[in-house]
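The lines below spell out each chain.
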Amino acid sequence: MVVKTQGIVLKTIKYGDHSLIVDMLLALGERRSFVAHVSAGKKAKMRQLLFQPLSILELTYDDRAKNGLCRMQGAAIVTPYSTIQIDASKTAMALFLAEFLCYATRDEQDNVPLFLYIEQSLRWLDGAMAPCPNFHLVLMMRLTRFIGFFPNTEDDQEGRYFDLLNGCFCEGVPSHGEVLTPDEASKIKTLMRLQYETMHLFKMTRAERARCVDVILRYYRLHVPGFPELKSLEVLKATFD
């Protein structure tokens, strides 16, 4: 059966001389991997340039998958980005988020709201005129609402720790040791309140932002099996002052 839908490119791997394996999050709310034949010719149906990280594509594919891979029959950019691929800071952020989303969403099925959230977030980033160094923090924290481990901030009180394993505030240090000190725990609720439109009001130094990224990724590693160290993290940390 031929399926036509939209998807977000998360990862590509060269496959032979003229093909790519393309890992995507589809508008249907699921993750799929495809084999795409690419060519540099003028009459080529698909060029490698289409499959840049986080590109939003309209694609058609044969759903009769063999060995888990579907053959992509055609692809086209839905709406070209105007800034993400020419602004150095946004490009670094896109590379980081593509790698992050590749692991954070890999077990998702039938999660249409997740796709819509990511798609709308990417369009916001592309349209932003002012620098947005906190964008990835907001996206990563709010993404937890869609994949099932949104932190419980109801018991937030001054002096409490934050239990990373159970996603809640606590009065003392839990036996498992995966915890934030009261000083760092106090920032969790602030991060959860941030929105793209207002995040510029929350000022952070490079060191503070880097620490927030490390904590959020630590939280994901505790809740997403097999979540690895991200290769693109150091490039991202060096991008924003």
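Provided above is the structure to which this section pertains.
Residues numbered from 1 in each chain as written. Predicted model: local features only at pLDDT ≥ 70, side-chain atom pairs only at ≥ 80, totals over all residues. Heavy atoms only, no water.

1. So, the packing of aromatic side chains
Within this structure, the stated rule accounts for 14 aromatic pairs. Plain terms: the ring middles of Tyr117 and Phe146 are 4.8 Å apart, the flat faces sit at 20° to each other, and that makes the pair stacked. Note that Tyr117 is positioned in helix 2 (residues 112-127) and Phe146 in helix 3 (residues 135-147), a separation of 29 residues in sequence. Note on Tyr117: relative accessible area 10%, which makes it buried. (Phe/Tyr/Trp six-rings, centres within 6.5 Å; stacked < 30°, edge-to-face > 60°. Helix = DSSP H or I, 4+ residues; strand = E, 2+ residues; numbered from the N terminus. Buried < 20%, exposed > 50% of the residue type's maximum accessible area, 1.4 Å probe, protein only.)

2. A short note on the side chain of Glu99
Turning to its location among the elements, Glu99 is positioned in helix 1 (residues 88-104). Although Glu99 is buried, it forms no salt bridge, and the closest oppositely charged side chain is Lys231 at an N-O distance of 6.3 Å. At 2.6 Å, the side chain of Glu99 forms a polar contact with the side chain of Ser232. Every residue in contact with Glu99, bar those within four places of it in the chain, is listed here: Glu229, Leu230, Lys231 and Ser232. (Lys, Arg positive; Asp, Glu negative; His and termini not counted. Salt bridge = Lys/Arg side-chain N within 4 Å of Asp/Glu carboxyl O. Polar contact = N/O pair within 3.5 Å; in protein donor to acceptor, adjacent residues only side chain to side chain. Contact = heavy atoms within 4.5 Å.)

3. So, the pattern of salt bridges
Applying the stated rule across the entire model yields 12 salt bridges. For Glu58, the salt bridge identified is with Lys4, shortest N-O distance 3.9 Å. Of this pair, Glu58 sits in strand 4 (residues 56-66) while Lys4 sits in strand 1 (residues 2-15), and the two are 54 residues apart along the sequence. Among the residues examined, Glu58 registers a relative accessible area of 36% and is labelled partly exposed. Between Glu229 and Arg221 there is a salt bridge, with its nearest N and O atoms 3.2 Å apart. With a relative accessible area of 27%, Arg221 lands in the partly exposed category. Connected through shared salt-bridge partners, Glu30, Arg32 and Asp63 make up one network.

4. Let's talk about unusual backbone geometry
Positive phi values are uncommon outside glycine, yet Leu54 reaches one of about 75°. Locating Leu54 in the fold gives a position in the loop between strand 3 (31-37) and strand 4. The backbone of Asp110 sits at a positive phi, close to 55°, despite the residue not being glycine. Structurally, Asp110 can be placed in the loop between helix 1 and helix 2.

5. Here we look at the environment of Lys187
Here Lys187 lies in helix 4 (residues 182-193). Since its relative accessible area comes to 32%, Lys187 is described here as partly exposed. Between the C-alpha atoms of Lys187 and Ala130, which are 57 residues apart in sequence, the distance is 24 Å.

6. Describing the nonpolar core
Membership of the largest hydrophobic core comes to 57 residues, with the highest contact counts inside it found for Leu54, Phe96, Phe100, Leu143 and Tyr220. Every element with two or more residues in this core is listed here: strand 1, helix 1, helix 2, helix 3, helix 4, helix 5 (206-223) and helix 6 (233-237). With nine residues, helix 1 is the single largest residue contributor to this core. Setting aside anything within four residues of it in sequence, one finds Leu143 in contact with Phe100, Leu101, Ala104, Leu114, Tyr117, Ile118 and Tyr220. Met24, Leu26, Cys70 and Ala75 belong to the second largest nonpolar core, which has 18 residues in total. (Core = buried A, V, L, I, M, F, W, Y, C linked by side-chain atoms within 4.5 Å.)

7. As for the packing of helix 3 against helix 5
Interhelical geometry of helix 3 versus helix 5 gives an angle of 20° and a closest axis separation of 10 Å. The angle between helix 3 and helix 5 places the two elements in the roughly parallel class. As for how helix 3 packs across helix 5, the hand of that crossing is left-handed. Note on element contacts: helix 5 touches helix 3 through Arg209, Cys212, Val213, Ile216, Leu217, Tyr219 and Tyr220, opposite His136, Leu137, Met140, Met141, Leu143, Thr144 and Ile147. Taken together, the residues of the contact of helix 3 with helix 5 sort by class into 11 nonpolar, two polar and one charged. (Axes fitted to C-alpha atoms, helices over the stretch in contact; angles between N-to-C directions. Parallel < 35°, antiparallel > 145°, perpendicular 65-115°, else oblique. Left-handed = near helix turned anticlockwise from the far one by under 90°. Nonpolar A, V, L, I, M, F, W, Y, C, P; charged D, E, K, R; others polar.)

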